[in-house]
Amino acid sequence: MKSTRFARFLGLLLFASMLLAACAPAATSTPVSLVDPDAVAGPTAAPVQPTAEPTAVPAVSGKTLILATTTSTQDSGLLDYLLPMFTDETGVKVNVIAVGSGQALQMGKDGDADVLLVHSPAAEKTFMDDGDGIRREDVMYIDFVIVGPEADPAMIAGMKTAVEAFTAISTTKSFFVSRGDDSGTHNKEKAVWKAAAIEPAGDWYISAGQGMGAVLTMSAEKEAYTLSDRATYLAQTQNGLKLKLLVEGDKLLLNPYGVIAVNPAKNAKIQNDLANQFIDWLISVPVQQKILDFKKAELGQSLFIPSSTLWKNKP
């Protein structure tokens, strides 16, 4: 009898042990958290130590500014000279989209760029008046020149005005290559034709739809005239361009550059903080000095003349 009760007691004890084992949680290894520890522990928690030493980078590294600009700033080499300095100082990379001023302004309207660097004053004013930009600053100015073949069939060398030169080119029906791309240069060219009361048309007038560098190359190949910004023309002569500078110095051919922060309301991805950081950097006195010095030693003259308010008001 006693042995039977003892056996039952052992059975109950074994059954209870099994129940307890079944109810206890299974042992597991500590999982790797997929949640940002700062978001859980709060700002006072000790930082999680990485397993490997990270590469030291600037605080804003990884950010990229989208700059829509003209082909003249690209073809002249100015951006290749300036932008690495900006990246070194700020850690911000710059993605350059070099098109005509008209296309650059359209990119701003469409919210496809953070900042613009263009030279089309009337179009820039419209852009700002329409609320497409929220800040514009003067940066620098250039002048345009009329260049052409050594033979100079229209005999424009030494003429004092662009209107006089364009009239001679039209009268003699000498080849003329137009940018034809709604750029600042193209708009300046159209302004000269308008001032001359001429509507250019015919086989002699070639609309290229290309940037300045390509138009200069085409003009040389066709022994044609064209209107070029001085900076790109001089830069291209270093690469063997054979066109001659024939007409310069007309006040009608002056043209300023402006830098514009695109209205962030255009696109939620527009980086207005980076745009303003770039603008502040570009118009600062040290950078304006770099613009003045660009290729001056090589060519004996400055390609771009700084004109920011800070530069003009410096002591």
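The preceding data block contains the structure.
Small disclaimer: the values here were computed from a predicted structure and weren't measured. Residue numbers run consecutively from 1 along every chain, following the written order of its sequence. Predicted model: local features are reported for residues with pLDDT of at least 70 only, side-chain atom pairs are reported and counted for 80 or more only, and whole-chain, interface and lining totals are derived from all residues. Think of the side-chain values as coming from all heavy atoms in the structure, minus any hydrogens and water.

**A short note on the packing of helix α9 (residues 212-222) against helix α10 (residues 230-237)**
α10 packs onto α9 with a crossing angle of 60° between their chain directions and a minimal axis gap of 10 Å. One finds that α9 runs oblique with respect to α10. Here α9 and α10 pass one another in a crossing that is right-handed. Contact residues: M212, G213, L216 and T217 in α9; T232, Y233 and Q236 in α10. Only Asp, Glu, Lys and Arg are considered charged, only Ala, Val, Leu, Ile, Met, Phe, Trp, Tyr, Cys and Pro nonpolar, and every remaining residue, Gly among them, polar. A breakdown of the residues in the contact of α9 with α10 according to their chemical character gives three nonpolar, four polar and no charged. The axes are straight lines fitted to the C-alpha atoms, using for helices just the contacting stretch, and the angles between their N-to-C directions are given from 0 to 180°. A run of DSSP states H or I qualifies as a helix once it reaches four residues; a run of E qualifies as a strand once it reaches two. Both are numbered from the N-terminal end. For classification purposes, angles smaller than 35 degrees are called roughly parallel, those larger than 145 roughly antiparallel, those between 65 and 115 roughly perpendicular, and all remaining angles oblique. Helix crossings are classified by the rotation of the near helix relative to the far one: an anticlockwise turn of less than a right angle makes the crossing left-handed, while a clockwise turn makes it right-handed. Throughout, a residue-residue contact means that at least one pair of heavy atoms, one from each residue, lies within 4.5 Å.

**Regarding unusual backbone geometry**
Of note in this structure, D152 is not a glycine but carries a positive phi near 50°. With respect to the helices and strands, the residue D152 is situated in the loop between β4 (133-148) and α7 (162-172). The backbone of M155 shows a phi angle near 55°, a positive value even though the residue is not glycine. Take M155: it is sitting in the loop between β4 and α7. Type-normalised accessible area, obtained with a 1.4 Å probe on protein chains alone, sets the label of each residue: buried when under 20%, exposed when over 50%, and partly exposed for intermediate values. Among the residues examined, M155 registers a relative accessible area of 65% and is labelled exposed.

**Considerations on the pattern of salt bridges**
Any two side chains of opposite charge can pair, on the condition that their charged atoms come close. A carboxyl oxygen of Asp or Glu within 4 Å of a side-chain nitrogen of Lys or Arg is what we treat as a salt bridge. Per the counting criterion, the structure on display carries 12 salt bridges. Between D181 and R179 there is a salt bridge, with the nearest N and O atoms lying 2.9 Å from each other. Given a relative accessible area of 12%, D181 falls into the buried group. Accessibility expressed as a relative area gives 3% for R179, which makes it buried. When salt bridges that share partners are traced, they join K109, D130, D132 and K266 into one network.

**Considering the packing of aromatic side chains**
Any pair of Phe, Tyr and Trp rings, taking the six-membered ring for Trp, is counted once the centres come within 6.5 Å. Such a pair is stacked with planes under 30 degrees apart, edge-to-face with planes over 60 apart, and tilted for the rest. Under the defined criterion, the tally for this structure stands at 12 aromatic pairs. Taking 5.6 Å as the distance between ring centres and 75° as the angle between the ring planes, the aromatic pair formed by F176 and W193 counts as edge-to-face. With a gap of 17 residues between them, F176 in strand β5 (residues 176-178) and W193 in helix α8 (residues 184-195) connect regions that are remote in the sequence. The same class applies to F176 as to W193, namely buried. Here Y257 and F304 contribute two aromatic rings whose centre-to-centre distance is 5.9 Å and whose plane-to-plane angle is 75°, an arrangement assigned as edge-to-face. One end of the pair, Y257, is in strand β9 (residues 254-262); the other, F304, is in the loop between α13 (296-299) and β10 (305-306), and 47 residues separate them in sequence. Each member of the pair, Y257 together with F304, is buried.

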